[in-house]
Amino acid sequence: MTPALSAGLTIGTIAAVLAIIHVPLGSWLYRVFTSPKHTRVERLVYRLVGVNPEVEQRWSVYLLAVLAFSTVSIIGLWLLILLQGFLPFSQGRSMNVDTAFNAAVSFVTNTNWQSYAGEAGAGYLVQAIGLTVQNFLSAGVGLAVAIAVVRGLAREGTDRLGNFWVDLVRGTLRVLLPLAAVAAIMLVAGGVIQNLTEPTTITSLTGGDQVIQGGLVASQEAIKELGTNGGGFFNANSAHPFENPNGWTNLLEILLLLAIPSALPYTYGRMVGDRRQGAAMVSVMAVLGFGAMATMMWLESVGSMEGKEQRFGPIWSAIFASATTGTSTGAVNSLHESFQPLAGGVALLNMMLGELSPGGVGTGLYSMLVMVVLAVFIAGLMVGRTPEFLGKSIGSREVTLAALAMLIAPVLVLLGTGVALLLPVSAGALSTTGPHGLSEMLYAFTSAANNNGSAFAGLSADQPFLNIALAFCMLLGRFVPIAAMLALAGGLASQQRRPVTAGTMPTHTASFAGLLIAVILILAGLTYFPSLALGSIAEALS
Amino acid sequence: MAALRQLWAAVRLLLVMTVLLGLGYPAVITLAAQAFPTQVNGSLLKTADGRVVGSALIGQQFEGPQWFQSRPSTSDYAGTTSGGSNLSPVSAAATEAIAERRAALVAANPNAVGPIPDDALTASASGLDPHISPAYARWQVPRVAAARQLSATALEQLIGAATERAPLGFLGQDGVNVAKLNLMLATQ
């Protein structure tokens, strides 16, 4: 098979599967979040938790619930990791206080940046009742927020966005749990392990020693991809043969991490009563996502195997890297730091665009809505009309909030990278100097602020300053956009919808989609081009 | 007050979900996964007398001319912590490492034919790559054949038997499973 044919089949397969599943999955999500009925299990959960599922919340209460749940989750996970030495199934593994804090923030914010190595830092119990649980719940929180934001667009004359507890429980139990369970069994069939056996030292044929690892890997791996989390059971993440043993599991993992984010635009279209809105959005995501994927495949076609696994090779490493950075996943099946300089630059750019192709579970949808609001505003300025989106006027409050949601990541990335490079304590963590060293630090802050979690892993990130600085970036990068978008949605929900007139700019057309792509690329380009020029581009030219 | 009420609900929901998703879900998956007894336990490789000598999925270090050798690994296949070099492929350090490996391979394989495949010169991502490229396996044939007094044809056949093809021909790359290949050699 020629490389070009193989590359074409590869992209074609992923596109075809996503095209087939996004409508049924999107409809399912629509029904889950619009159905008035509760299941028996859900009623029991609400009773145990003490919430009334029939009461809807204003945006401020919804946000308060998100923040309360995330705060409790961070503290709970931090304590669990610190106390693991006193619990069973800890395999003698442990983390420093600052490492554990970083890990707790990281898993709760759906980032899954790991400054610890799984084999040394997290025992089987922590991985199951701490990390796996947050893999579900952090994805569930993102999904809930996205749905609440869409309700703000879909409703009129109300100050209610839904009930956070209901949205979180439904998304987790009705969508994530069953899909993860099926995926976990498929992964086991492919060779991913699922046991409680202690790591065992065996004697090889030639008399050498080797440790064979154990753990509840498949159950964690499934939700790690499906929830766009990305934190590996093992240090090598999805490059480890026990997490990702062959071409089938690799394809499954890529599809899992793209599935829900690709289906959510359809859900959005259904909820606002205009499927064309969702179709326009998903086509923008597809152009950005497959564009980046094809570019990375082409850049990697020179074929270096440094930091790559033989069973995947350059093409499937590039595809995984593109999918994981275009979503907020951050799982890796190869070492991004060992990619060709410009291919590493595309991975960075994917995150810098705000992870919109198609983004994380929930986060992709609301991040794209931020860009839509900005594009509507810019278009309104260009033609001199009051900007409107789905019959709601986009005034100064809306634009300010959208700008805040969009700007927080670049501020954290550029300031954070600059400060970290100036301070000897963190600059000493770089594995190399020059443009590649700059990219290493830039990648770390870009990954943290955009809640991605992948790394240029040569960076010695397990040190107090970086653990705390990156945790800070993860927190603000997660919750500032959530707060801004919920506030934006709350305002829009209370507006009455204006009738469509000849002067209304449509937001479902190809020309608007083109404008949206231009706005996304220009905003990211202007913000980040200097840092990319000094890093990846300089390295490629030198 | 509102904040306290939400915090209290958060604590209770986290506990309920920890039981459901942290204990219930992995337990159900573990039970159901017993339908695949080989895979759940790590696809272990055993000799004819039942001794475990590794995993079919985890690469191993093989030294000596009589064994097919695996790819370079930054952890020497210890299995304790997985990972790779993180070197940029255009860096001086990577060029230097490749030159050293090339020199060592040339010295150990005086009769090898053709260029050294790239996977023989570069460290994998996991440090546990179970495969080498079919080209690298064939490249090692003259050395192994000489050390074992076997014909090249016999070795080529074993390589064919230990080759794991890319699913559908394009979902990845073909690879020769080195541990399986050496196990076949040992039991011949």
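Remember, it's a predicted structure, so these values are computed and weren't measured experimentally. (Residues numbered from 1 in each chain as written. Chains lettered and ligands numbered in written order. Predicted model: local features only at pLDDT ≥ 70, side-chain atom pairs only at ≥ 80, totals over all residues. Heavy atoms only, no water.)

### Re the overall build of chain A
- What chain A contains, in helices and strands, is 18 helices and six strands.
- For 542 residues, the compact-globule estimate of 2.2 N^0.38 gives 24 Å, and the C-alpha radius of gyration of chain A, at 22 Å, lies within 12% of that figure.
- For the C-alpha atoms alone, the extent of chain A along its principal axes is close to 80 × 60 × 50 Å.
- The buried share among the 542 residues of chain A stands at 65%. (Helix = DSSP H or I, 4+ residues; strand = E, 2+ residues; numbered from the N terminus. Rg over C-alpha atoms; globule rule 2.2 N^0.38 Å. Buried < 20%, exposed > 50% of the residue type's maximum accessible area, 1.4 Å probe, protein only.)

### Description of the interface of chain A and chain B
- Listed per partner, the contact involves 95 residues of chain A and 85 residues of chain B.
- Between chain A and chain B, the buried area comes to about 6,900 Å², and carbon and sulfur atoms account for 67% of it.
- On the chain A side of the interface with chain B, the three residues burying the most area are Leu205(A), Glu306(A) and Gln310(A), jointly 12% of the side's total.
- The tally of links between chain A and chain B comes to zero salt bridges.
- Linking chain A to chain B there are 34 residue pairs in polar contact (both at pLDDT 80 or more).
- Considering every element that reaches the side of chain A that touches chain B, the biggest residue donor is helix α7 (residues 164–190) of chain A, with 12 residues.
- For the side of chain A that touches chain B, the class distribution of residues is 54 nonpolar, 33 polar and eight charged. (Contact = heavy atoms within 4.5 Å. Buried area = accessible area lost by both parts, 1.4 Å probe. Salt bridge = Lys/Arg side-chain N within 4 Å of Asp/Glu carboxyl O. Polar contact = N/O pair within 3.5 Å; in protein donor to acceptor, adjacent residues only side chain to side chain. Nonpolar A, V, L, I, M, F, W, Y, C, P; charged D, E, K, R; others polar.)

### A word on helix α1 (residues 2–32) of chain B
- Here α1(B) contains 31 residues, and its C-alpha end-to-end distance of 43 Å stays within 8% of the 45 Å for a straight helix at 1.5 Å per residue.
- At Gly24(B), α1(B) shows its largest kink, close to 30°, and the proline Pro26(B) lies no more than four residues downstream. (Expected span 1.5 Å × (residues − 1). Bend = angle between axes of the 7 residues up to and from the residue.)

### With respect to the domain arrangement of chain B
- Each domain of chain B was delimited in the assignment, giving domain 1 (2–35) and domain 2 (41–186).
- Each of domain 1 of chain B and domain 2 of chain B has a C-alpha centre, and these two points are 43 Å apart. (Domains from an automatic or database assignment.)

### Details of the sheet that holds strand β3 (residues 131–132) of chain B
All names here are of chain B.
- If you trace the three strands from one edge of the open sheet to the other, you get β3-β5-β4, paired in antiparallel fashion. The open sheet has two free edges, formed respectively by β3 and β4 (163–164), since each of these has just one partner strand.
- The pairing of β4 with strand β5 (residues 175–177) spans two bridges and is antiparallel. When the bridges of β5 are listed, Glu-164 appears paired with Gly-175.
- Most of the contacts of helix α6 (residues 178–186) go to β5, to which it runs at about 50°, and overall it touches β3, β4 and β5. (Pairing = 2+ DSSP bridges. Axes fitted to C-alpha atoms, helices over the stretch in contact; angles between N-to-C directions.)

### Some remarks on unusual backbone geometry
Residue and element names in this part refer to chain A.
- Ser-357 connects to Pro-358 through a cis peptide bond whose omega is -5°.
- Despite not being glycine, Phe-89 shows a phi value in the positive range, around 50°.
- Within the secondary structure layout, Phe-89 lies in the loop between α3 (59–82) and α4 (97–108).
- Residue classification places Phe-89 among the partly exposed positions, given a relative accessible area of 39%.

### Re the packing of aromatic side chains
- For the structure shown, the criterion picks out 11 aromatic pairs over all chains.
- Ring geometry for Tyr443(A) and Phe456(A): centres 4.5 Å apart, planes at 20°, overall stacked. Of this pair, Tyr443(A) sits in helix α16 (residues 434–449) while Phe456(A) sits in the loop between α16 and α17 (464–494), and the two are 13 residues apart along the sequence.
- Ring centres of Phe62(B) and Trp67(B) lie 6.1 Å apart, and the angle between their planes is 35°; on these two criteria the pair is classed as tilted.
- With relative accessibility at 4%, the residue Phe62(B) sits in the buried group.
- An aromatic cluster is present here, built from Tyr62(A), Phe69(A), Phe164(A) and Trp165(A) joined pairwise through their rings.
- Directly above the ring of Tyr30(A) sits Arg270(A), whose terminal nitrogen or CZ lies 4.2 Å from the centroid. (Phe/Tyr/Trp six-rings, centres within 6.5 Å; stacked < 30°, edge-to-face > 60°. Lys NZ or Arg CZ within 6 Å of the ring centre and 35° of its normal.)

### As for the pairing of strand β3 (residues 200–203) of chain A
Residue and element names in this part refer to chain A.
- One ladder, built from four bridges, connects β3 with strand β4 (residues 209–212); its direction is antiparallel. When the bridges of β4 are listed, Ile-202 appears paired with Gln-210.
- Hairpin connection from β3 to β4: five residues lie between these consecutive antiparallel strands, with Gly-207 at a positive phi of about 90°.

### Things to note about the side chain of Ser219(A)
- Within the secondary structure, Ser219(A) is located in helix α8 (residues 217–226).
- Apart from the residues within four sequence positions on either side, Ser219(A) is in contact with Thr132(A), Ala184(A), Gln194(A), Tyr25(B), Pro26(B) and Ile29(B).

### Notes on the nonpolar core
- Membership of the largest hydrophobic core comes to 202 residues, with the highest contact counts inside it found for Phe69(A), Phe164(A), Ile260(A), Tyr268(A), Leu369(A) and Phe389(A).
- Counting residues per element, this core draws most heavily on helix α6 (residues 124–154) of chain A, which supplies 20 residues.
- Residues lining this core come from more than one domain, with at least three contributed by each of domain 1 (2–35) and domain 2 (41–186) of chain B.
- Those residues in contact with Leu369(A) that sit more than four places away from it in its chain are Val149(A), Val150(A), Leu153(A), Tyr268(A), Met281(A), Phe389(A) and Met485(A).
- If you look at the next biggest cluster of nonpolar residues, it comprises 28 residues, including Phe68(B), Ala120(B), Leu181(B) and Leu185(B). (Core = buried A, V, L, I, M, F, W, Y, C linked by side-chain atoms within 4.5 Å.)

### A look at a nonpolar patch on the surface
- Taken together, the side chains of Ile75(A), Leu79(A), Leu82(A), Leu83(A), Phe86(A), Leu87(A) and Val97(A) define a hydrophobic patch exposed on the protein surface, amounting to about 660 Å² of accessible area.
- It is α3(A) that contributes the most residues to the nonpolar patch, three residues altogether. (Patch = residues over 30% accessible without salt bridge, like charges linked within 9 Å, V, L, I, M, F, W, Y side chains within 5 Å. Areas by Shrake-Rupley, 256 points an atom, 1.4 Å probe, with all protein chains shown as cover.)

### Some points on the confidence of the model for chain B
- On average, residues of chain B score 96 in pLDDT, and 100% of them are at 70 or above.
- Scored as a whole, the predicted complex attains pTM 0.97, and scored at its interfaces, ipTM 0.97. (pLDDT = per-residue confidence, 0-100.)

### Focus on the side chain of Glu309(A)
- Mapped onto the secondary structure, Glu309(A) falls in the loop between α10 (275–300) and α11 (313–326).
- Within the structure, Glu309(A) has its side chain in polar contact with the side chain of Arg311(A) (distance 2.7 Å).

### What to know about the environment of Leu67(A)
- Take Leu67(A): it is sitting in helix α3.
- Linking Leu67(A) and Ile482(A), residues 415 residues apart in sequence, is a C-alpha distance of 9.6 Å.

### Remarks on helix α4 (residues 134–148) of chain B
Residues and elements named next belong to chain B.
- With 15 residues, α4 ought to run about 21 Å at 1.5 Å a step, and its terminal C-alpha atoms sit 20 Å apart, in line with that.
- Most pronounced at Val-141, the bend in α4 amounts to some 40°, and the proline Pro-142 follows within four residues.
- If you check which residues of α4 are buried, you get Pro-134, Tyr-136, Ala-137, Trp-139, Gln-140, Val-141, Arg-143, Val-144 and Ala-145.
- Among the structural elements, α3 (92–108), β3, α5 (152–161), β5 and α6 are those in contact with the buried residues of α4.
- Just past α4, the residue Gln-149 takes up positive phi, approximately 55°.

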